[in-house]
Amino acid sequence: LLEINIDSLKEKLKSFSNFGKTEGGGVSRLLFTKPEIEARNEFCRRMEKIGAEICTDDMGNIYATIKGNEDLPAIVTGSHCDSVVKGGNYDGILGVLAAMEVLETIVKEDIYHRHPITAIIWTNEEGVRFDPVMMGSGVVAGKFSREDILKAKDTEGITFEEALKNSGFLGQKENRLKPENTLANLELHIEQGPVLEMEEKSIGVLEGVIGMLNYAITLKGRAGHAGTVPMKYRKDAFLAASNALIYLHDKLKDFPEDLVFTNGQVFCHPNVNTVIADEFTFIVDARHKDPEVIKRLEEVIKNMPKEFNGCKLSYKKQWTRDTVKFNEKIVEIVENSTKALGYDYKKMYSGPGHDSQYIADIIPTSMIFVPSKDGDSHCEWEYTSLSDCHRGVNVLLHSILKLDNEDRL
Ligand SMILES: [Zn+2]
C-alpha cells in the first residue's frame with residue numbers, strides 16, 4: 001500500500017520545531033506571536049508551492065485547498081499550530097503537518113480524487129494567550145459569538161481583535177468552513193494520555209470525545225486560633241472537605257470502572273498554618289463517555305449531606321460537556337484503513353477536548369490518535385516516535401482516499 005514519505009515528515013517535524021524553540025527542546029508558540037505567525041507563513045508557503053489555494057476566515061483560521069476532479073464538497077483535515085508555554089513538538093502541529101503531508105503526497109503522486117481536499121490551521125486551540133480554548137473552531141461551529149470573542153484580552157491588555165488584525169490572517173466570514181460544502185472532517189492528534197503506549201497500539205480510532213462535569217464543592221466552617229480553640233468546638237472546613245471527598249469516593253464504587261474522577265484544585269481560606277480553615281473548596285472533574293453516568297454523578301453531588309463536621313456544604317456547577325459521538329461511517333473507514341495497513345489499533349474516546357469536537361456538531365467528523373510517550377503532553381519532553389507519526393499519517397491519507405469514494409455521510 002501507498003505510504004507517505006517518512007523523510008519528508010521528519011523534515012517537517014524538525015523545521016516546525018524551530019518556530020518558538022525553547023532551551024528544553026520544546027516550543028512556546030502562543031497565538032499570533034512571532035513564532036506562531038512564522039509557522040502559519042511556512043504552512044502557507046509550502047501549500048502554495050503545491051498549487052493549493054489559500055484563504056483565511058474572520059477568525060484567522062487558514063484553509064489550503066487542492067481542487068478535486070469533480071464539483072463536490074471538500075474533505076478537510078487539520079489541527080492547531082499554537083502551543084502552551086513550554087509545550088511540545090507534537091500537540092496540534094502534528095495534525096497540521098499530517099494534513100500538509102497528505103496534500104503533498106496526493107499532488108506529487110498525482111492521485112486521482114473527486115473531492116477538493118483542504119488542510120486547516122485552527123486559531124487558538126490552546127486558549128493560553130486568549131480565553132477560551134478552541135476559539136477558532138468554536139466560532140465556526142456556532143459555539144461562541146465572534147463579537148464576544150473579539151473582546152478577549154491577553155495579559156498585556158491586547159485584545160484578540162487587535163492581535164487578529166495585526167497578524168495578517170484576518171479574512172472573510174464567507175470563507176468559514178460550512179456544512180454545505182464539506183463532506184467530512186478528520187483530525188490526527190497525539191493521544192496526550194498513556195493508553196495506546198501501555199496497550200502497545202500504534203493507532204487510536206476515535207469514536208468520540210467523552211462528556212465531563214466540573215463542580216466546585218465548598219465547606220464553610222469557622223476560623224479560629226490553632227492554639228486556643230478546643231477540638232470539640234471546632235468547625236474545621238478542611239477536615240469537613242476531606243470527609244466530603246471520602247463520601248464521594250465511597251459513592252464511586254457504584255460507578256463504572258472507566259469513570260475518571262479528579263480533584264486537582266483546592267482553595268483553602270485563610271490558608272495560614274496557625275488558623276483553622278473557615279472555608280475550603282475542592283474542584284471535581286469527572287469524565288465518562290455515557291451521558292447517563294455523568295448525570296448520575298451529578299445527582300450524587302446534588303444529594304450530598306448538607307453538613308460535614310459542623311460545616312455547611314454547598315456546590316456550584318462550573319460547566320459540563322456533553323459526550324460528542326463521531327460519525328460512525330468515518331470511524332469505520334478509519335478502522336478499515338488501519339486494518340489494511342496492518343497496524344495495531346484501539347477504538348477509543350478522547351478525554352481532552354479538540355477542535356474536531358466542535359466541528360463534529362456541524363460536519364461529519366472523526367479523529368485519529370497516535371501514542372504519547374509516558375502519556376506526557378503540554379510539556380517540552382512530549383514525544384511520539386517518528387514511526388508512530390508515520391503510521392498515523394498513512395492512516396489519515398488512506399482514510400481520506402476512502403472518504404473520497406463517498407457522496408454523503
Ligand atoms: Zn492539541
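Since this is a predicted model, take the numbers as computed values, not measurements.

## Side note on the state of the cysteines
At step 1: Evaluation of the coordinates by the stated rule reveals 0 disulfides.
At step 2: Cys311 takes part in no disulfide bond, and the closest cysteine sulfur to it belongs to Cys268, at a distance of 11 Å.
At step 3: The class for Cys311 is buried, based on a relative accessible area of 0%.
At step 4: With no disulfide partner, Cys389 has as its closest neighbouring cysteine sulfur the one in Cys379, 15 Å distant.

## Quick look at the pairing of strand S14 (residues 311-321)
At step 1: Pairing of strand S7 (residues 211-220) with S14 involves 9 bridges; the strand directions are antiparallel. In the sheet register, Ile217 faces S14, and the bridge partner there is Tyr315.
At step 2: Direction of pairing for strand S13 (residues 307-308) relative to S14: antiparallel, over a ladder of 2 bridges. Within the sheet, the bridge partner assigned to Phe308 lies in S14 and is Cys311.
At step 3: The hairpin formed by S13 and S14 contains 2 residues between the paired strands, and Asn309 there has a positive phi angle of roughly 50°.

## Concerning the side chain of His80
At step 1: For His80, the location among the structural elements is in strand S3 (residues 74-80).
At step 2: Engagement of the side chain of His80 in a polar contact is seen with the side chain of Asp91, the distance being 3.2 Å.
At step 3: With sequence-adjacent residues up to four places away left out, His80 is seen in contact with Asp91, Gly92, Ile93, Val96, Trp122, Glu125, Glu126, His189 and Asp355.

## A few points about the side chain of Glu382
At step 1: Within the element layout of this structure, Glu382 appears in the loop between strand S17 (365-370) and helix H12 (386-403).
At step 2: Buried charged residue Glu382 carries no salt bridge. Nearest counter-charge: Arg29, at 8.2 Å.
At step 3: A distance of 3.0 Å separates a polar atom in the side chain of Glu382 from the backbone nitrogen of His378.

## Topic: the nonpolar core
At step 1: Phe43, Met47, Ile106, Leu188, Ile368 and Leu396 are the most contacted members of the largest nonpolar core, which has 64 residues in total.
At step 2: It is helix H3 (residues 93-108) that contributes the most residues to this core, 10 residues altogether.
At step 3: Among residues more than four places away in sequence, those in contact with Met47 are Ala52, Ile54, Ala64, Met100, Leu103, Glu104 and Ala119.
At step 4: Within the second largest apolar cluster, 27 residues are counted, among which are Leu219, Leu252, Cys311 and Leu313.

## A word on the coordination of the zinc ion
At step 1: Coordination of the zinc ion by the protein is provided by His80 (NE2), Asp91 (OD) and His189 (NE2), with metal-donor distances spanning 2.0 to 2.2 Å.
At step 2: Counting gaps between the donor residues of the zinc ion yields the pattern H-x10-D-x97-H. Of the two residues, His80 sits in strand S3 while His189 sits in strand S5 (residues 182-190), which places them 109 residues apart along the sequence. By the burial criterion, His80 is buried, and His189 matches it.

## Looking at the packing of aromatic side chains
At step 1: For the structure on display, the rule yields 9 aromatic pairs.
At step 2: Their ring planes at 25° and their centres at 6.1 Å tell us that Phe32 and Phe160 sit as a pair that is stacked. Pair noted here: Phe32 is in the loop between helix H1 (6-17) and helix H2 (34-49) and Phe160 is in helix H6 (residues 160-167), with a separation of 128 residues, a long-range link. Considered together, Phe32 and Phe160 belong to a single accessibility category, that of buried residues.
At step 3: Look at Tyr63 and Trp122: their rings are 6.3 Å apart centre to centre, the planes differ by 85°, and that puts the pair in the edge-to-face class. Residue Tyr63 is found in strand S2 (residues 62-66), and its partner Trp122 is found in strand S4 (residues 117-122); the two are separated by 59 residues along the sequence. Grouping residues by exposure puts Tyr63 and Trp122 together as buried.
At step 4: Ring pairing ties together the aromatic residues Phe32, Phe130 and Phe160, which thus form one cluster.

## Considerations on the environment of Lys373
At step 1: Mapping Lys373 onto the fold places it in the loop between S17 and H12.
At step 2: Residue classification places Lys373 among the partly exposed positions, given a relative accessible area of 41%.
At step 3: Taking the C-alpha atoms as reference, Lys373 lies 9.2 Å from Leu196; in sequence the two are 177 residues apart.

## Focus on the packing of helix H10 (residues 328-341) against H12
At step 1: Viewed as axis vectors pointing N to C, H10 and H12 meet at an angle of 125°, and their least axial separation amounts to 9 Å. In terms of orientation, H10 lies oblique with respect to H12. Every pair of crossing elements has a handedness; the one defined by H10 and H12 is right-handed. Every residue of H12 that contacts H10 at Ile330, Ile333, Val334, Asn336, Ser337, Thr338, Ala340 and Leu341 is listed here: Asn394, Val395, His398, Ser399, Lys402 and Leu403.
At step 2: Its residues placed into classes, the contact of H10 with H12 shows 7 nonpolar, 6 polar and 1 charged.

## A few points about H3
At step 1: Between its first and last C-alpha, H3 extends 22 Å over 16 residues, near the 22 Å set by a 1.5 Å rise per residue.
At step 2: The element H3 is extensively covered by neighbouring structure, given that 14 of its 16 residues are classed as buried.
At step 3: Where H3 terminates, the next one or two residues include Asp110, which has phi positive at roughly 55°.

Cut-offs and rules
- Residues numbered from 1 in each chain as written.
- Predicted model: local features only at pLDDT ≥ 70, side-chain atom pairs only at ≥ 80, totals over all residues.
- Heavy atoms only, no water.
- Disulfide = S-S within 2.5 Å.
- Buried < 20%, exposed > 50% of the residue type's maximum accessible area, 1.4 Å probe, protein only.
- Pairing = 2+ DSSP bridges.
- Helix = DSSP H or I, 4+ residues; strand = E, 2+ residues; numbered from the N terminus.
- Polar contact = N/O pair within 3.5 Å; in protein donor to acceptor, adjacent residues only side chain to side chain.
- Contact = heavy atoms within 4.5 Å.
- Lys, Arg positive; Asp, Glu negative; His and termini not counted.
- Salt bridge = Lys/Arg side-chain N within 4 Å of Asp/Glu carboxyl O.
- Core = buried A, V, L, I, M, F, W, Y, C linked by side-chain atoms within 4.5 Å.
- Donors = N, O, S within 2.8 Å, 3.2 Å for Na, K, Ca; no water.
- Phe/Tyr/Trp six-rings, centres within 6.5 Å; stacked < 30°, edge-to-face > 60°.
- Axes fitted to C-alpha atoms, helices over the stretch in contact; angles between N-to-C directions.
- Parallel < 35°, antiparallel > 145°, perpendicular 65-115°, else oblique.
- Left-handed = near helix turned anticlockwise from the far one by under 90°.
- Nonpolar A, V, L, I, M, F, W, Y, C, P; charged D, E, K, R; others polar.
- Expected span 1.5 Å × (residues − 1).

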